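Next come the chains, spelled out residue by residue.
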Amino acid sequence: MMAGLDIGSSAAQHATNFRSNTYTPTDLFKAVSAKITIQNKNLNAFISITDEEALKAAEVATQRIKSGENGSLLGIPIAVKDLLSTAGQRTTAGSKMLENFIPVQDSTVVQKLKDSGLVIVGKTNLDEFAMGSSNEYSAYGPVHNPWDLSKVPGGSSGGSAATVAARGVPLSIGTDTGGSIRQPAALCGVMGLKPTYGRVSRFGVVAFASSLDQVGPFSRDANDMADLLQVIAGHDEKDSTSSLEPVPDFKSTFNRGFDGIKIGIPSELLQEGVEDDVLESFEHAIDEFESRGAIINRDISIPSIKAALPVYYLIAPSEASANLARYDGVKYGFSVLDGKNAEEVMSASRGMAFGPEVKRRIMIGTYALSAGYYDAYYLKAQKVRTVIQEEFHTALNEVDTIFTPTTPTTAFELDSKINNPIEMYLNDLFTLPANIVGLPALSTPCGFSGDLPIGLQMIGKAFRETDLLGYTHAYQSVTDWHKSEPTDR
Ligand code: GLN
C-alpha cells in the first residue's frame, strides 16, 4: 500500500489527499479494486466489478485534478446498486431474468455520477428486483454482513451497505421502496438516506413500485452524504415524477447545532416487537439530543401508522405486478425458446427466471388488482394511504422531525426468516411509512447490541433533507457510533 493511502478514509479526506498529491484517483482506484475483489469472496457484495471502465474513469479524474479542477467528489470511488442501468455494462436487478441485460444508456443518476467524475467500481448485489429485507432473494447468492458473516446485511440494497461498512468504498447508491436503503444502513452500521419522492430521478432505474421507489446515497458521515446528494439530486425531464423543487445547498444547516430541534416520537410504534437493546440505544440517542437543547415531544400521534405495513404490502405488489409484466421472455429478458406458442414461452420463461419472492409479489399484486377485488384491496389501501399522509402532515406541523429506531431488531441469522414472509415483512415496520407518504428519511448509527450495529431513523418534512443532514451532522460531531468499523473481512 502507498504511504498515506488509507482506503477506509472518508470521501472528503480522499479529496484532500488528491489535492495535496499524496495519491491520485488512479492509485486509489487500484487499491479499492483489489480490496473489494478480495472482500467479495466473503461478503458477496458485488455482482460485477467493473475494472476496465473504472480504470479509465480514474485516469481521467487524475488528469482533471492535475489540471486544477475542483469538485468535491472528483475521482472518488463509488459502488452502484445493480438496479440502475449502466450503459454497456450488465444490469441484472439481482434476477436471472436480466442475467444478460446490457443497457444501451445510463440511468440519470449514473450519468450524473460520471459527469461529476466519480469512479464507478462495481454493481452491488441486491434482493431480486429490490424485493426483500435480507438480500437472501438475490439470484446471485446472499450478501453477508461485515460485522458477522453469519448474519444478513439487510435488504434490498444489502451490497451497497455492506461494502461501505467494510470500508471497500466510501460511498454507494441504493434504492428505497419501503426501507431498502435505511434498513441495510442500520444493520451494517452506516448512513443511508431516502430522499423525498421526486428529489432524485428514477430514469433508467429498474422499476419495482413506481409510486414508492426512490434512489439515494449511502455514506459513513453526513458530510460525504451531503456531497453525494448534491450530485444526484434535481429535476430530470426524462422522469415525469421528478420534482421541480430547487436543489438547496445540502450543507447549509451544518452549523445549526441542537438548539430548539423539535423531535416527535410516535409512541404507538414502540409498543411491541422492538428488541431491548435497540430501544435502549434509541433512548440514549434521544437523551443526547435533549441534553443539548432539542425539545422532545412524545405526544405526537399517527394513529394509522400501523396500517402502513398492510397498505405497503398491497400497493407495492400491485405496482410490481404491472411493472414486471414486461419481462415475458419475448420482449424482454430471459427466454425459454422452445414453447409451442407465445403463451407457453412466456409462462415457462417467467416460471424459470423469477425467484419465489418475486412470484409471490406478482400473485398478490395481480389478485389485489383483479376485477371484484380491486375496491376491497387496492382502492382501500390507497384510501388508507391518504389518511396516513394527512396524519403525518398534522404531526409535522407540531414538530420538525420524527425519530424512530430504523429497525425493530439488529441483523438476524441468514436463513432464519426466509420461509416466513410475514416475519420478514415486519422488519420494515418503521421504514415503510416514509415511502407511503413520500417524505425524506435517513438512518444513522446510534449504538450496538454486542457486535451488531443499531440505527436511528429521522423522518423530515418534504424536500427538507437539509434539516435531517444538519441534525445528523450535529449528532455525529458529539458521538462516535458512525466511526466504528468491523474487523477487516
Ligand atoms: N423490504 C421491503 C420489500 O421487501 C422494501 C424493499 C425496498 O425498499 N426495495 O418490499
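What counts and what doesn't
Residues numbered from 1 in each chain as written. Predicted model: local features only at pLDDT ≥ 70, side-chain atom pairs only at ≥ 80, totals over all residues. Heavy atoms only, no water. Helix = DSSP H or I, 4+ residues; strand = E, 2+ residues; numbered from the N terminus. Expected span 1.5 Å × (residues − 1). Buried < 20%, exposed > 50% of the residue type's maximum accessible area, 1.4 Å probe, protein only. Contact = heavy atoms within 4.5 Å. Salt bridge = Lys/Arg side-chain N within 4 Å of Asp/Glu carboxyl O. Near = heavy atom within 4 Å. Areas by Shrake-Rupley, 256 points an atom, 1.4 Å probe, with all protein chains shown as cover. Nonpolar A, V, L, I, M, F, W, Y, C, P; charged D, E, K, R; others polar. Phe/Tyr/Trp six-rings, centres within 6.5 Å; stacked < 30°, edge-to-face > 60°. Lys NZ or Arg CZ within 6 Å of the ring centre and 35° of its normal. Patch = residues over 30% accessible without salt bridge, like charges linked within 9 Å, V, L, I, M, F, W, Y side chains within 5 Å. Lys, Arg positive; Asp, Glu negative; His and termini not counted. Charge placed at Lys NZ, Arg CZ, Asp CG, Glu CD. Pairing = 2+ DSSP bridges. Axes fitted to C-alpha atoms, helices over the stretch in contact; angles between N-to-C directions.

A.B. asks: Looking at this structure, I do not really get helix 12 (residues 375–398). What am I missing?
C.D. replies: It helps to recall that an α-helix has 3.6 residues per turn; residues three or four apart then point in one direction. Spanning 24 residues, helix 12 covers 34 Å between terminal C-alpha atoms, matching the ideal 34 Å at 1.5 Å per step. Taken as a whole, helix 12 has its buried residues at Tyr378, Ala381, Arg385, Ile388, Glu391, Phe392, Ala395 and Leu396. Residues of helix 12 that are buried in the fold lie against helix 9 (308–323), helix 11 (356–369), strand 9 (401–405), helix 14 (432–437) and strand 11 (452–459).

A.B. asks: Honestly, the pattern of salt bridges in this entry has me stumped. Any pointers?
C.D. replies: Opposite charge on two side chains makes pairing possible when the charged atoms of those side chains draw close. Taken as a whole and assessed by the stated rule, the structure comprises 19 salt bridges. Between Lys114 and Asp106 there is a salt bridge whose closest N-O contact spans 3.0 Å. The exposure class of Lys114 is partly exposed, given its relative accessible area of 28%. Take Asp106: its relative accessible area is 12%, and that puts it in the buried class. Of the charged contacts, one joins Lys483 and Asp480 as a salt bridge, the two residues approaching to 3.2 Å between their closest N and O atoms. In this structure Lys483 comes out as exposed when scored by relative accessible area, which is 53%. Via salt bridges that share partners, Glu53, Asp106 and Lys114 belong to a single interconnected network.

A.B. asks: Explanation requested: the site of the ligand in the structure shown.
C.D. replies: The local shell around the ligand holds 15 residues, among which Thr177, Gly178, Ser180, Tyr312 and Arg361 are the closest. For the ligand, whose accessible area on its own is 290 Å², the fraction buried by protein is 100%. Among the residues forming the shell around the ligand, the class breakdown is five nonpolar, seven polar and three charged.

A.B. asks: Even after reading the chapter, I still don't get the packing of aromatic side chains, so can you show me in this structure?
C.D. replies: Aromatic ring pairs: the centre-centre distance and the angle between the two ring planes describe each pair. Applying the stated criterion across every chain, the model contains 15 aromatic pairs. Ring geometry for Phe289 and Phe403: centres 5.1 Å apart, planes at 85°, overall edge-to-face. In this pair, Phe289 sits in helix 8 (residues 276–291) while Phe403 sits in strand 9, placing the two residues 114 residues apart along the sequence. Its relative accessible area of 0% is what places Phe403 among the buried residues. Arranged with centres 4.7 Å apart and planes meeting at 80°, the rings of Tyr312 and Tyr313 form a pair that is edge-to-face. For the pair formed by Tyr312 and Tyr313, the shared burial category is buried. A network of ring pairs unites the aromatic residues Phe129, Tyr327, Tyr332 and Phe354 as a single cluster. Here the basic side chain of Lys417 rests over the ring of Phe412, its NZ or CZ set 4.3 Å away from the ring centre.

A.B. asks: How should I be thinking about a negative patch on the surface in this particular structure?
C.D. replies: On the surface, a cluster of negative charge is made up of Glu275, Asp276, Asp277 and Glu280. Along the chain, Asp277 falls in helix 8.

A.B. asks: Where do I start with the sheet that holds strand 1 (residues 46–49) in this structure?
C.D. replies: Paired through their backbone hydrogen bonds, the strands of a sheet run either parallel or antiparallel. Read across the open sheet, the eleven strands follow the order 1-3-2-4-6-5-10-11-9-7-8; overall the sheet is mixed. Unpaired on one side and paired on the other, strand 1 and strand 8 (295–297) mark the two borders of the sheet. Geometrically, the sheet is characterised by an average inter-axis angle of 30° between neighbouring strands, direction not taken into account. Looking at chain direction, strand 5 (residues 191–194) and strand 6 (residues 214–219) are connected through two bridges and run antiparallel. Bridge pairing in strand 6 links Gly192 to Phe218. Lying over the sheet, helix 5 (residues 158–165) contacts strand 1, strand 2 (77–81), strand 3 (119–124), strand 4 (171–176) and strand 6, oriented at roughly 155° with respect to strand 4.

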